[in-house]
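Observations on the model geometry
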Amino acid sequence: MFFKSPSPSTSRTATPSSSPPHRHTFSESLIEENILIAQSIITKWDVHSSIHACNIDSLFSAANNRQEAKQFIKSVNDLQSAMHYFVSHHYGSEKLVQAQNLMQTAMKRLEKEFYQMLKANRDYLDAESVSNHSSATLSSRASRASLSDMEEDSEDEFRSTDDLVSENMERPSVSMVAMADLKSIADCMISAGYAKECVKIYKISRKSIVDEAIYHLGVEKLSFSLIQKMDWEAVESKIKHWLHAVKVAVKTLFYGERILCDYVFSVSDSIRESCFTEICKEGAMTLFGFPENVAKCKKTPEKMFRTLDLHEAISDLWPEIESIFGFESTSDVRSQAVNSLIRLGDAVRTMLTDFESAIQKDISKTPVPGGGVHPLTRYVMNYLTFLADYSGSLTDIIADSPSPTHSPLPETYYASPKRDDDLSSPVSMRIAWLILVLLCKLDSRAELYKDVALSYLFLSNNLQYIVTKVRTSNLSLLLGEDWVEKHDTKVRQYAANYERFGWSKVFASLPENPAVAAEMPIEKVRNGFRLFNLSFEDAYKKQCSWVVLDPKLRDEIKVSLARKIVPVYREFYELNRNSVSRSEPGSDALVRFAPDDLGNYLSDLFYGAASGGSVSGSGASNSTSSHTSRSSHCGRGR
């Protein structure tokens, strides 16, 4: 502005106008009087003076009861009015030179006050304290305390400050008083044409605070090449620190700095933008550049969840990022955050594809002992359970991703028009697909068992584990109750097939009608007991090392077997035991099992303890034909 002299030396050597003397008007007399009053106040606080104790004091200190500051600001306003007048009416007058010199003295004092205030209130102008204030309230008060108001009456500025303080709390906070005083000085210096000096002090002071805060939050400027060389454990540790740091930085540090800049420099949009940009841009670029560099590193499935953590953190904070860094000069910060989101999304999609491929390429050929839960089943379902917790981020990431093109399933399934009817989102479809890939792999692993009953028990165990994981996690929300019920029914079908093949000889050894069997020749009755003994012992010895891990399923199978075996055997036993005893002494060895004994033997099954003897191969004769008829996931087009 024209109030600031282009060159101090030029101002001081200006000569009076050679025009003839003129008579003083009343207004001119008032202006000259104001200059004299301003001179007495401003020179009192001259930073170069050594005769006044106030050189070591602050003009805005509480000890001065803020009256000195009010008078000083009013004096500067009066000088501005005087300089307006003399520039318009008596450009070369000595009074104009005097006013210019006084203005330079005043600005030196305000520069010092501005610096001292920023330094002394460093702890009170921290981002957390500032960000707790209502930005709406501050903006409203800032507009009311504008320079135009101050030109009319400098007291209004301090009333606005007092209103701002009293409106928010009974006792004024140090940070709010400091903010209001900084704004008063900034408004005054900018109006007088000393914006450059004011802004320079502010930028240097506040940038050092922001940079220090970023450092203490653990945010480092790590290049892609450096991150790529680090062990994943070290990178993961950096990610954990970053996840904490980004929330504090966005919600407190950058937000607080934006509020402070907007308030202190509310009279100039360009100044508040340039200040905030220079103070925060570098730290923000470092902060939001880290996730992009992590995303560019080698992808492995175990990195999925930390990658999703990074994506989720930026997504959750995006409204604040967009608002805080809404200036055109901070568009690079917004772009960096978006680029990180894009890179992280690409990494997640790649890892999902790799995860599916890893399931398909599993090469384990050793059957799980006792038909228990396969390690692949545990790994995949635990992975998917964690994945379901990120359904929000996954929805954004895979919403537009194409469906799998290389299917491990038969064409009858892949082309089925109903395959996705029950699934409500791309995430649901993708997770259901991955489970289906797992189920198909389990079908092939079931073929490793020589005993078809054990293969069905294996399928029943694994599908039950999958259903339980879905039912007890967020997967149930994604896949729905229909999916759970459908697969729960399939578990029972596998269990029924296990019973049919595992206990077929026992079922066959029992008479269809025990009452009719009572009229059979005694030799046929003896053979009936012998056949039952052999078949039951064979089934028990073979299966006592088999397992059913789910307690509910284990009990259901035991109850089902007991209902099919014990009542029929009990009737046969009660009708024929006495006749066998009378016909042949020592027949107790022939009738080996009492009906209650059968329940006890069945209750011992499915714990994996091979106390009944080693597994025999008596059921192997029907394995080959049975395998070909098994109802598998892939063959039936689930």
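The structure presented is a predicted model; accordingly, all values stated were derived computationally and were not measured.

With respect to the overall build of the protein
From N to C terminus, the protein includes 27 helices and zero strands. Of all 638 residues assigned to the protein, the portion counted as buried reaches 51%. Counting every atom, the protein has about 30200 Å² of accessible surface; 52% of that belongs to carbon and sulfur.

Some thoughts on the confidence of the model for the protein
As a general rule, the predicted coordinates of low-pLDDT regions are not to be interpreted in detail. For the protein, mean pLDDT is 79; residues scoring 70 or higher make up 73% of the total. In this model, residues 405–421 is a region of pLDDT below 50 whose contacts with residues beyond four sequence positions or in other chains number 23 contacts. Taken as a whole, residues 611–632 scores under 50 in pLDDT and shows 45 contacts with residues more than four places along the chain or in a different chain.

A closer look at the nonpolar core
Within the largest apolar cluster, 172 residues are counted, with the highest numbers of intra-cluster contacts made by Phe 114, Phe 254 and Phe 265. Ranked by residue count, the leading element in this core is helix α12 (residues 232–264), at 16 residues. Those residues in contact with Phe 254, other than ones at most four positions away along the chain, are Val 210, Ile 214, Ala 249, Phe 276, Cys 280, Gly 283, Ala 284, Leu 287, Ile 324 and Phe 325.

Digging into the environment of Thr 395
Note on placement: Thr 395 falls in helix α17 (residues 391–398). The spacing of Thr 395 and Ser 425 is 30 residues in sequence and 7.7 Å in space, taken between C-alpha atoms.

Description of the packing of aromatic side chains
Across all of its chains, the model carries 28 aromatic pairs by this definition. In this structure an aromatic cluster arises from ring pairing among Trp 503, Phe 529, Phe 532, Phe 536, Tyr 540, Tyr 569, Phe 572, Tyr 573, Phe 593 and Tyr 601. It is Lys 183 that lies over the ring of Tyr 263; its NZ or CZ is 6.0 Å from the centre. One cation-aromatic arrangement involves Lys 296 over Phe 224; the distance from NZ or CZ to the ring centre is 5.4 Å.

So, unusual backbone geometry
The backbone of Phe 606 sits at a positive phi, close to 75 degrees, despite the residue not being glycine. Here Phe 606 is to be found in the loop between α26 (595–603) and α27 (623–628).

Observations regarding α26
Within the sequence span of α26, burial applies to Pro 595, Leu 598 and Leu 602. Buried residues of α26 fall within an arc of 45 degrees about the axis and therefore sit on the same side.

Looking at the environment of Leu 459
Structurally, Leu 459 can be placed in helix α20 (residues 452–471). With relative accessibility at 3%, the residue Leu 459 sits in the buried group. Along the chain, Leu 459 and His 374 lie 85 residues apart, while their C-alpha atoms are 9.6 Å from each other.

A word on the side chain of Ser 455
In this structure, Ser 455 sits in helix α20. Among the polar contacts made by the side chain of Ser 455, one reaches the main-chain carbonyl oxygen of Val 452 at a distance of 2.5 Å.

Considerations on the packing of helix α13 (residues 269–295) against helix α14 (residues 304–324)
Closest axis-to-axis distance for the α13/α14 pair is 12 Å, and the angle between their directions is 160 degrees. What the angle tells us is that α13 and α14 run roughly antiparallel. The handedness of the crossing between α13 and α14 is left-handed. Contact residues: Phe 276, Phe 288, Pro 291 and Val 294 in α13; Leu 310, Ile 314, Ile 321 and Ile 324 in α14. Among the residues making up the contact of α13 with α14, the classes are represented as eight nonpolar, no polar and no charged.

Here we look at the state of the cysteines
Evaluated as defined, the whole model comprises zero disulfides. Looking at the unpaired Cys 261, the closest cysteine sulfur is the one in Cys 275, lying at 5.3 Å. On the accessibility criterion, Cys 261 (0% relative accessible area) is buried.

Examining the pattern of salt bridges
Per the counting criterion, the structure on display carries 27 salt bridges. One salt bridge connects Glu 113 with Arg 109, and the closest N-O pair in it is separated by 2.8 Å. Of the two residues, Glu 113 and Arg 109 are both situated in helix α4 (residues 94–120); the distance of four residues between them amounts to about one turn of the helix. In terms of burial, Glu 113 and Arg 109 fall into one category: buried.

Concerning the environment of Glu 278
Looking at where Glu 278 falls in the secondary structure, it is placed in helix α13. Relative accessible area serves as the criterion here: at 43%, Glu 278 is assigned to the partly exposed category. Placed 52 residues apart in sequence, Glu 278 and Thr 330 show a C-alpha to C-alpha distance of 9.2 Å. Dropping the residues within four chain positions of it, Glu 278 is found in contact with Lys 203 and Lys 207. Among the polar contacts made by the side chain of Glu 278, one reaches the side chain of Lys 203 at a distance of 3.0 Å.

Quick notes on the packing of helix α15 (residues 331–360) against helix α19 (residues 426–446)
The interhelical angle for the contact between α15 and α19, taken along N-to-C directions, is 15 degrees, at an axis separation of 9 Å. The angle between the axes of α15 and α19 places the two elements in the roughly parallel class. In the packing of α15 onto α19, the handedness of the crossing is left-handed. Taking contact as the criterion, the partners of Leu 352, Thr 353, Phe 355, Glu 356, Ile 359 and Gln 360 in α15 are, on α19, Arg 430, Trp 433, Leu 434, Val 437, Leu 438 and Lys 441. In the contact of α15 with α19, the residues fall into seven nonpolar, two polar and three charged.

The rules behind these values
- Residues numbered from 1 in each chain as written.
- Predicted model: local features only at pLDDT ≥ 70, side-chain atom pairs only at ≥ 80, totals over all residues.
- Heavy atoms only, no water.
- Helix = DSSP H or I, 4+ residues; strand = E, 2+ residues; numbered from the N terminus.
- Buried < 20%, exposed > 50% of the residue type's maximum accessible area, 1.4 Å probe, protein only.
- Areas by Shrake-Rupley, 256 points an atom, 1.4 Å probe, with all protein chains shown as cover.
- pLDDT = per-residue confidence, 0-100.
- Contact = heavy atoms within 4.5 Å.
- Core = buried A, V, L, I, M, F, W, Y, C linked by side-chain atoms within 4.5 Å.
- Phe/Tyr/Trp six-rings, centres within 6.5 Å; stacked < 30°, edge-to-face > 60°.
- Lys NZ or Arg CZ within 6 Å of the ring centre and 35° of its normal.
- Arc of directions from axis to C-beta.
- Polar contact = N/O pair within 3.5 Å; in protein donor to acceptor, adjacent residues only side chain to side chain.
- Axes fitted to C-alpha atoms, helices over the stretch in contact; angles between N-to-C directions.
- Parallel < 35°, antiparallel > 145°, perpendicular 65-115°, else oblique.
- Left-handed = near helix turned anticlockwise from the far one by under 90°.
- Nonpolar A, V, L, I, M, F, W, Y, C, P; charged D, E, K, R; others polar.
- Disulfide = S-S within 2.5 Å.
- Salt bridge = Lys/Arg side-chain N within 4 Å of Asp/Glu carboxyl O.

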